[in-house]
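An overview of the molecular structure
Residues per chain are reported as follows:
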Amino acid sequence: MEDSGSITEKVFSNGDSYVGSFKGILPHGKGKYTWSDGSVYDGCWEEGKMTGEGRFIWPSGASYEGDFSGGYLHGFGIFNGSDGSLYRGVWRMNTQHGIGRKQYQNSDVYDGCWKEGVREGSGRYAWSNGNMYIGNWKDGKMCGRGVMKWFDGDVFDGFWLNGLRHGSGCYRFADGSYYFGVWTKGLKDGLGMFYPAGSKHRFLRKTSDRHDDKRKKQLPHASSTISESVKPKVKRSISERFLLKGSGSISLRTTSQGEDVSLDDSSRDMLACDSSSVLSQSSHDDKSDFLETGSVAYEREYTQGVLIKERIINISRLSRKSKQRIKFHAKEVKRRSCVYFLEGRKSYYLMLNLQLGIRYSVGKITPVPIREVRQSDFGDQARIKMYFPRKGSQFTPSHHSIDFYWKDYCPMVFRYLRELFKLDAAEYMMSICGDDGLRELSSPGKSGSLFYLSRDDRFVIKTLKKSELKVLLKMLPDYYRHVKEHDNTLITKVFGLHRISLKRGKKVRFVVMGNMFCTELRIHRRYDLKGSSHGRFTKKDRIDETTTLKDLDLKYEFHMDKLLREALFKQLSLDCRFLESQNIIDYSLLLGLHFRAPENLISLLQPPDSLDNVETNPEHEGGISQGELSIPPRGLILVTHEPSSVSTTPGPHIRGSTLRAMSVGDKEVDLLVPGTGRLRVQLGVNMPAQANQKLMQDETASVQVELFEVYDVVLYLGIIDILQEYNMKKKLEHTYKALQFDPMSVSVIEPKLYSKRFINFLEKVFPVEP
């Protein structure tokens, strides 16, 4: 038996050889192992496995020098590829994982985070031609918030998805012009504002300075190489994977630059971003900061890259209106909000409390054996109550928020509702209680309610008034039975009902609902429809990409497949009848529209380079007028449903069964969307239609012909605001006055008449095909 301190040379039967120290029959200590194929490792060993510092050379000429553990490249090391690439950074089990710098064979350089051999996390990528991106990555592609700067001076600041701009962002051109807008898969898609060169906007200057500072701080490791002398500490793990068995034992998952990143001039306008909360919100809210008077901006609307509308806006006039509107809005929210006491940091604490409480409640109720829902599950005693002190307790963890009391209403009922909606408890908790937290939204309505949106957009959390809480608890038994009997119900899905109590008796009540607009397609228009004309319009200067419009703003009729329409109105009748039985009024149909660009206009799209050039010259881009729109060929196709070809995973707003369509012979259908893929058609989800808008005619025309704009659209719809209970006393007080001015006023319509009026209005919006 060899001694561990002796240096011995040994040749194996397969042609491999080893020179170094042994422990028993295994290499241990320092030694050099040479494989028969020419691979060589020279370094430290531990009982037959490469562990410690060493150098490995492959027959191809590639080499690695750095840390090993259990036979793996694990720790900090430098890898020279046979193609001339160089990686200096952290490894985990043979793959780049952690912080590192890679220089590719074409002289491109990436500095930042890696995960399982691909770029993921924060990082900077510098192309050899002078282009540079600093921001977030996922699966090797730009994904999340990031800034892209081209060698010619153009800059895009926004969010990215799969290497493409996809959502709101700001594009700054080298000549000083700006475009704030929305992209979908690299194409402008939705409302945006173009500010020509020379527009003086204090917000733009502040934003530019602020993001320059952020970019300097974002990646301290990005501007320089990682020093060899500073090696990140890596927790070592032992693996039995690598044995002393010839070549091929170490396989490196490295990603070629050319496979997933290409940002040359001809393709850069086809890259994408997601909604930038800083830029998109500020671009609308801070218009009052323009300094130059008399200058103009261009409000534009795109559909899949096609400019369909444009109007010129006088900046100086807009700024004064915006100031008045912002001041008024701030006063209204402060006065009306049911959480007015939650100012500044306290709103953040409220979010943390909500996450802690939901995690506790769902975790407590999930292990309970499945049983039928009982009447006692709806009673006053059906509550989970818990105190969450900041220091923690026997039942609750310590946390960084403020002390609070938690109450979870009817937890067993909502557990079964989530199961009816096919929602996994673990996914539910991860979506709402994950590390990414929740996003606070401004209130879109008059109630002053506080809204949170989960980071994956699947769930909306809304604060309730005490009266609304009582209505929901009162109707909960019947609501449970209704959704159990009708899996296609269009009524809002409710997943939980909670209350947080803070010091001095302040109480905030929450309801968790599915986000109807968590879809695969971008929602271009949103409407809240009640069937009333009383105050049901939106001022033009208050409309932006996320504005929810009202009845009088709707200029379209929607024509659908006969069977799809029948299914829609059958369920609408059932849902309205249920709301009648609960004495509920004032509910709405929330309608989302995804427009498909007319195919005759898609052909007008120019190559990316010329499109960028046109952007800087608005007088050339606005040449597509409304009069040029003609009826295009059908862009949406219904095909026979194939479960294996579409996602059948239930979502927070997904309804029950797949719908049938007459156009495919009364069979279940999927929707083919050009450029997107195949989608499952369900009630209120992915429903195709044609949107017809009647055009105004010249009164001097000798022949009167009805003209229409026709678009292919995909509809998303559901019934919301179901917590307003009818009050007879209120009706008697306001009947005469309201009827005199508006016979359709919501405040004076009893439940049965309200639902009838509601259905009649929607029948005009979705008319029967002639």
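Residues numbered from 1 in each chain as written. Predicted model: local features only at pLDDT ≥ 70, side-chain atom pairs only at ≥ 80, totals over all residues. Heavy atoms only, no water.

**Brief notes about the overall build of the protein**
- The helix and strand inventory of the protein stands at 14 helices and 37 strands.
- Out of the 770 residues belonging to the protein, those deemed buried represent 52%.
- For the protein, restricting intrachain contacts to residue pairs at least 6 apart in sequence, the fraction spanning at least 24 positions comes to 57%.
- In the structure as shown, the protein presents an accessible area of about 37000 Å², 52% of it carried by carbon and sulfur atoms. (Helix = DSSP H or I, 4+ residues; strand = E, 2+ residues; numbered from the N terminus. Buried < 20%, exposed > 50% of the residue type's maximum accessible area, 1.4 Å probe, protein only. Contact = heavy atoms within 4.5 Å. Areas by Shrake-Rupley, 256 points an atom, 1.4 Å probe, with all protein chains shown as cover.)

**So, the sheet that holds strand β23 (residues 438-441)**
- Strand order in the open sheet formed by seven strands is β21-β22-β26-β27-β25-β24-β23, and the pairing between neighbours is antiparallel. If you trace the sheet from one side to the other, it starts and ends with β21 (383-388) and β23, each paired once. Along the sheet, successive strands turn relative to each other by an average axial angle of 25°, direction set aside.
- For strand β22 (residues 404-409) and strand β26 (residues 494-501), the ladder comprises four bridges, and the chain directions are antiparallel. What sits directly across from Tyr405, in β26, is Ser501.
- Relative to β26, helix α6 (residues 411-420) is tilted by about 145°, and along the sheet it contacts β21, β22 and β26.
- Strands in contact with helix α7 (residues 425-433) are β23, β24 (451-454), β25 (459-464), β26 and β27 (507-514); relative to β25, the strand with the most contacts, it is inclined by about 70°. (Pairing = 2+ DSSP bridges. Axes fitted to C-alpha atoms, helices over the stretch in contact; angles between N-to-C directions.)

**Focus on the confidence of the model for the protein**
- Per-residue confidence for the protein gives a mean pLDDT of 76, with 71% of residues at or over 70.
- Residue range residues 206-294 is modelled with pLDDT below 50. Its contacts to residues more than four positions away, or to other chains, number 231 contacts. (pLDDT = per-residue confidence, 0-100.)

**A look at the nonpolar core**
- Formed by 117 residues in total, the largest nonpolar core has its most connected members in Phe558, Leu568, Leu715 and Phe766.
- With residues up to four places along the chain from it excluded, the contact list for Leu715 reads Phe558, Met560, Leu591, Gly592, Leu593, Gly684, Val685, Asn686, Met687, Ala689 and Phe766.
- Counting residues in hydrophobic clusters, the runner-up holds 36 residues, among them Phe22, Trp45, Tyr64 and Leu307. (Core = buried A, V, L, I, M, F, W, Y, C linked by side-chain atoms within 4.5 Å.)

**Quick look at the packing of helix α8 (residues 466-485) against helix α9 (residues 562-581)**
- Interaxial distance between α8 and α9 falls to 11 Å at its minimum, and their mutual angle equals 160°. When the axis of α8 is compared with that of α9, the two are roughly antiparallel. The chirality of how α8 crosses α9 is right-handed. Residues Met475, Asp478, Tyr479 and His482 of α8 form the contact with α9, whose participating residues are Gln571, Leu574, Asp575, Phe578 and Leu579. (Parallel < 35°, antiparallel > 145°, perpendicular 65-115°, else oblique. Left-handed = near helix turned anticlockwise from the far one by under 90°.)

**Here's the deal with the pairing of β27**
- Where burial is concerned, most of β27 is hidden: seven out of the eight residues are buried.
- Pairing between β25 and β27: six bridges, direction antiparallel. When the bridges of β27 are listed, Val460 appears paired with Met513.
- The pairing of β26 with β27 spans seven bridges and is antiparallel. Paired with Arg499 across the bridge in β27 is Arg509.
- From the end of β26 to the start of β27, which pair antiparallel, there are five residues, and Arg504 there has a positive phi angle of about 65°.

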